[in-house]
Amino acid sequence: MGVVHALQFTFGIFGNAATLFLFLVPTFTFKRIIKNRSTEQFSGLPYVMTFLNCLLSAWYGLPFITSDNILVTTINGAGATIELIYVLIFLALAPNKQKGKILATLLLVLLVFAGAALVSLLVFHGKNRKLFCGTAATIFSIVMYASPMSIIRLVIRTKSVEYMPFFLSFAVVISCTCWFTYAMLGRDPFIGISTGVGLFLGIVQLILYAIYCDKKVLTNKSTDVSLEMDNGHSNVKLHYEEKQYNQSNHEQV
């Protein structure tokens, strides 16, 4: 058992490092936002939802919920702090209409987390408490890991990996592999299910990268894409707009 625990701790450390990298990826986006003093077309909602996911996962890892999961609490506590900073930047620089939506969502997220925490403490005990908290954390983790589906659809549609960075997909696979192994060694089905989904989607992205990395599609369309990512663990938001140039000089309104 000592060897198993040592291996689990080692994979947890590597998982923490890989996940921290994923949390810090959006700093490039926010550097642009701060420089331009505008949130442009970026959405702040993914960061609010990832903030909730981190809070629930950090709560799940606490000793009075589960045992030997302090590394889960550590990385998700750090993730919650990072995501909250992103959200505050959005609140400071977003237009008033968008700012109102983000603020309302943030307040709802805090209420949801506070409610879940109180219910877990006052209503559930022992294994039932672990089941309740683990289920909540798993649901939001799967939602977060499933967010890259928009990128996968774009790659298949355009037959191009221009907007799917290889190292980002590779980091998702490494992070999920570490946490999936961590979960299997610790026999934790909740962490195992969510990271298993993330691992599968990450592998799909790498396969698509191998298929389309050397292919380019020539079309008469101009594509304007802005990409941002945050998870899980992790999160991706894609804004995709196609403009067709099919007007002639002889057309009049």
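**Things to note about a nonpolar patch on the surface**
Move 1: A cluster of nonpolar side chains, contributed by Phe64, Leu118, Val119, Leu121, Leu122 and Val123, occupies part of the molecular surface with about 550 Å² of accessible area.
Move 2: Its location among the elements puts Leu122 in helix H5 (residues 96–122).

**A short note on the nonpolar core**
The tendency in soluble globular proteins is for nonpolar side chains to be buried as a group.
Move 1: One finds Phe30, Ile33, Leu56, Tyr60, Val87 and Phe90 to be the most contacted residues of the largest nonpolar core, which totals 40 residues.
Move 2: Of all the secondary structure elements, the ones that give two or more residues to this core are helix H2 (27–36), helix H3 (45–60), helix H4 (70–93), H5, helix H6 (127–146), helix H8 (166–185) and helix H9 (189–212).
Move 3: The biggest single contributor to this core is H4, with eleven residues.

**Remarks on H2**
Move 1: Of the positions making up H2, those classed as buried are Thr29, Phe30 and Ile33. All buried residues of H2 fall inside an arc of 90 degrees around its axis, so they share one side. Opposite the buried face of H2, at more than 90 degrees from it, the exposed residues are Phe28, Lys31 and Lys35.
Move 2: Arg37 lies just past H2 and shows a positive phi near 55 degrees.

Quick notes on the rules
Residues numbered from 1 in each chain as written. Predicted model: local features only at pLDDT ≥ 70, side-chain atom pairs only at ≥ 80, totals over all residues. Heavy atoms only, no water. Patch = residues over 30% accessible without salt bridge, like charges linked within 9 Å, V, L, I, M, F, W, Y side chains within 5 Å. Areas by Shrake-Rupley, 256 points an atom, 1.4 Å probe, with all protein chains shown as cover. Salt bridge = Lys/Arg side-chain N within 4 Å of Asp/Glu carboxyl O. Helix = DSSP H or I, 4+ residues; strand = E, 2+ residues; numbered from the N terminus. Core = buried A, V, L, I, M, F, W, Y, C linked by side-chain atoms within 4.5 Å. Buried < 20%, exposed > 50% of the residue type's maximum accessible area, 1.4 Å probe, protein only. Arc of directions from axis to C-beta.

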